[in-house]
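As a plain string of letters, each chain reads:
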Amino acid sequence: MPLRNKIRFSLAIKQSLVFFSVFVFAIGIIFAVVVPQLQSRLTDQKLGNLGDYATLYSESYLQALNQGASRIYLDLLTQQYAERSDSRILAIDSSGSLLSDSLMGQGFEPADYDVANAAISTGDLVTSVTSIGGRSYAMAAVPVSRDNRIVAAIIVSSSMDEVESAVTLVQQLMVIAASSALVIALAVIYLVSYILSRRIRRIESGAARIAEGDFNIKVPVTSQDELGQLAITFNDMGDRLGAAFQQVDDEKRRAKVLLDDLDEGVIGIDSGGSIIVANPAAEHLLGQEISAPCTLDECLPIEIYDLWKSMSQESPQREDIFNLPDDKALLVHSSYLSDQAELASLLVIRDVSQEVKLEKSRRDFIANASHELKTPLFSLGGFLELLQEEDLDDKTRDEFVATMREQVDRLADLARKLLDLSQMDSGAMDVRTSRVELKDIFDMVTREFAAYAASHDSAIDTSAVPGSLVAVCDPDRTAQLVRILIDNALKYSPTGGAIQVSGSRNGNSVSFTVADHGPGIPGEELPRVFERFYRGKAAGRIRGTGLGLSIAHELVRLMNGTIEVDSTGDGTVFTVTLPAEDNKGS
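In short, a report on the structure. In this numbering scheme, every chain counts its residues from 1 along its sequence in written order. Reporting of local features is limited, given that this is a predicted model, to residues whose pLDDT is at least 70; pairs of side-chain atoms are given and counted only at 80 or more, and all residues count toward the totals for whole chains, interfaces and linings. The basis for the side-chain values is all heavy atoms of the structure; hydrogens and waters are excluded.

1. Remarks on the sheet that holds strand β3 (residues 126-132)
Logical step 1: An order of β2-β1-β5-β4-β3 is seen for the five strands of this open sheet, with the pairing classed as antiparallel. The sheet is open, and its two borders are formed by β2 (98-101) and β3, each paired with just one other strand. Each strand of the sheet is rotated relative to its neighbour by a mean of 25 degrees, with strand direction disregarded.
Logical step 2: When DSSP finds at least two bridges between two strands, those strands are taken to pair. Under the scheme used here, helices are H or I runs from DSSP no shorter than 4 residues and strands are E runs no shorter than 2 residues, and both carry numbers assigned from the N terminus. With seven bridges joining them, β3 and strand β4 (residues 135-145) adopt antiparallel strand pairing. Of the residues in β4, the one forming a bridge with Val129 is Ala138.
Logical step 3: Any two residues whose heavy atoms approach within 4.5 Å at even a single point are treated as in contact. For helices, the fitted axis covers only the stretch in contact; all axes are lines through C-alpha atoms, and the angles between them, taken along N-to-C directions, range from 0 to 180 degrees. The sheet contacts of helix α3 (residues 71-85) involve β1 (88-93) and β2, and relative to β2 the element is tilted by about 50 degrees.

2. A look at the pairing of β1
Logical step 1: Relative accessibility decides the category of a residue: with a 1.4 Å probe and only protein chains considered, values under 20% of the type maximum give buried, values over 50% give exposed, and everything between is partly exposed. Within β1, six of the six residues are buried, leaving the element largely enclosed by the surrounding structure.
Logical step 2: Side chains Arg88, Leu90 and Ile92 project from β1 onto one buried face, and the interleaved Ile89, Ala91 and Asp93 project onto a second face that is buried too.
Logical step 3: For β1 and β2, the ladder comprises three bridges, and the chain directions are antiparallel. The residue bridging Ala91 from the neighbouring strand is Ser100, located in β2.
Logical step 4: Counting the residues between successive antiparallel strands, the hairpin from β1 to β2 contains four residues, one of them, Gly96, with a positive phi of roughly 95 degrees.

3. A look at the packing of aromatic side chains
Logical step 1: Pairing of aromatic rings covers Phe, Tyr and Trp, the last through its six-membered ring, and needs centres within 6.5 Å; plane angles under 30 degrees mean stacked, over 60 mean edge-to-face, and all others mean tilted. Scanning the model with the defined rule gives five aromatic pairs in all.
Logical step 2: With centroids separated by 5.8 Å and ring planes inclined at 40 degrees, the aromatic side chains of Tyr57 and Tyr61 adopt a geometry described as tilted. Of this pair, Tyr57 and Tyr61 are both found in helix α2 (residues 11-66), four residues apart, which corresponds to roughly one turn of the helix. For the pair shown, Tyr57 and Tyr61 are each scored as buried.

4. Comments concerning helix α4 (residues 114-122)
Logical step 1: Among all positions of α4, only Val115, Ala116, Ala119 and Ile120 are buried. Taken around the axis of α4, the buried residues stretch over an arc of 140 degrees, which confines them to a single face. Turned more than 90 degrees from where α4 packs its buried face, Ser121 and Thr122 sit exposed.
Logical step 2: Close packing links the buried residues of α4 with β1, β3, β4 and β5 (150-159).
Logical step 3: Of the residues trailing α4, Gly123 is marked for its positive phi of about 70 degrees. Starting at the helix axis, one direction is taken to each C-beta atom, and the arc is that of these directions.

5. Quick look at a negative patch on the surface
Logical step 1: On the surface, Asp391, Asp393, Asp394, Asp398 and Glu399 cluster together into a patch of negative charge.
Logical step 2: By relative accessible area, Glu399 is classed as partly exposed at 43%. Note that patches include only residues with greater than 30% relative accessible area and no salt bridge, and the join distances are 9 Å for like charges and 5 Å for nonpolar side chains (Val, Leu, Ile, Met, Phe, Trp, Tyr). We get accessible surface area from the Shrake-Rupley algorithm with a probe of 1.4 Å; when it comes to residues, only the shown protein chains can shield them. The salt bridge criterion pairs a side-chain nitrogen of Lys or Arg with a carboxyl oxygen of Asp or Glu, the two atoms within 4 Å. When charges are counted, neither His nor the chain ends are considered; positive counts come from Lys and Arg and negative counts from Asp and Glu. All charge positions are set by atom: Lys at NZ, Arg at CZ, Asp at CG, Glu at CD.

In structure tokens form, the structure reads like this:
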């Protein structure tokens, strides 16, 4: 791990380091600008003073030469001026020979005084700083002219030690002052930064508490400066975040309740094809547990996965019906939402088993109705042709007419049943319930079927129906229901058989049964007994449309009752349960 990841600098230390860096940089600039300028000015000042002395001495020296002064006098004059200017004064002729020296020629080297040659060459004052023996000397040289000819040069030389000492002293004083100011400033900066950092740490601690979900935390406001305003804004932010998260939680709870209460299955999928949410209805419809997150191909049937996979930008919505075991049909709608959000696509699953079954029943209904209509119509058409084209005797004609009447009755019966079913499907069938004695209904229907039962050599026994058995039902529809059950029992009972009708009361309901001793209904056919146009294998050539029991089932439902069937090898029993008292609140 890099060292910078291990060391954690506080705000106070960082501000102190920044201030220290800026301060040192500023002092460096001061040293780089002020010190050289100071040294340059002191040097220029010294050279200027030396130039003035050189000019002044050159005038006195020329005057002494013009008066014919001796070498001794000139030397004394030189020493006098040297003491007054605290410098060394030399006089050098144009050939470089030493004419006079305040130090009597001590350590004189002509090469050290090129400034004299420069003054003689230019005929003007020349100043320079020269290093002699490891020390710096400021020099000023003035030419001396006699009879319009430069005969010598006066040189005034002084050590630069004073200038260098002054510059060094200034540097030392600046370092001491800067160091003292730096220490004081660092202490003040650190103290101020520490106080500020403590206030910032309070905000940082509050932010951490908010990140953990505690939106009630408040940062104390101790001033009205920028940090105080930040604390006020932070507290306001915490309040708003708390309200926003509370609203989000409420929305999530409402969404979860809504999803959980939906009858449709909803499955949310991310852009990678993984399930991120699934409501209980989806698990119920698919008959399996969905533990999100999981990939779509692992948790769902392959047919639904292929439907989802077939979506594209051009076809963002797909829909199909899938048939599952146990005669279950699911309508799956797949929608593409966005690949920029966590929820990229959605699967909505709806149980359409009933719709599929109804659609199948509708198709079967049309096919069966067409078939049921076609047979008697073709039969009638054939008999009509025979009656028109053949010369028949009266007996044959009467037989044909009787057969045609049976076919017409069959068509009329089919039309009545189809009309009843149509009224039931549209909700137009009028059912008016009242207190009805079932014994009277059974006696009436038994009388209606007396001739048919006698021709069949069968008996209808209603002695087991109590006279006090009262149900809340529609008398006309109940009579129609009983006719269907007794007619069905007579059709499937062997010649000489008996039809038993019985009834009883059970709390708030009454039940009656119609039992025959026919061949019975196989167990695999029982669930389809009440389907329209369904006729079991035992029906054989027995006349019928397969609509009677389906109408009976609908009649019982309209009267808030139930009908059940039980069959063994010795016959079939239909049990009808109806309300025993009028319960309008239910």
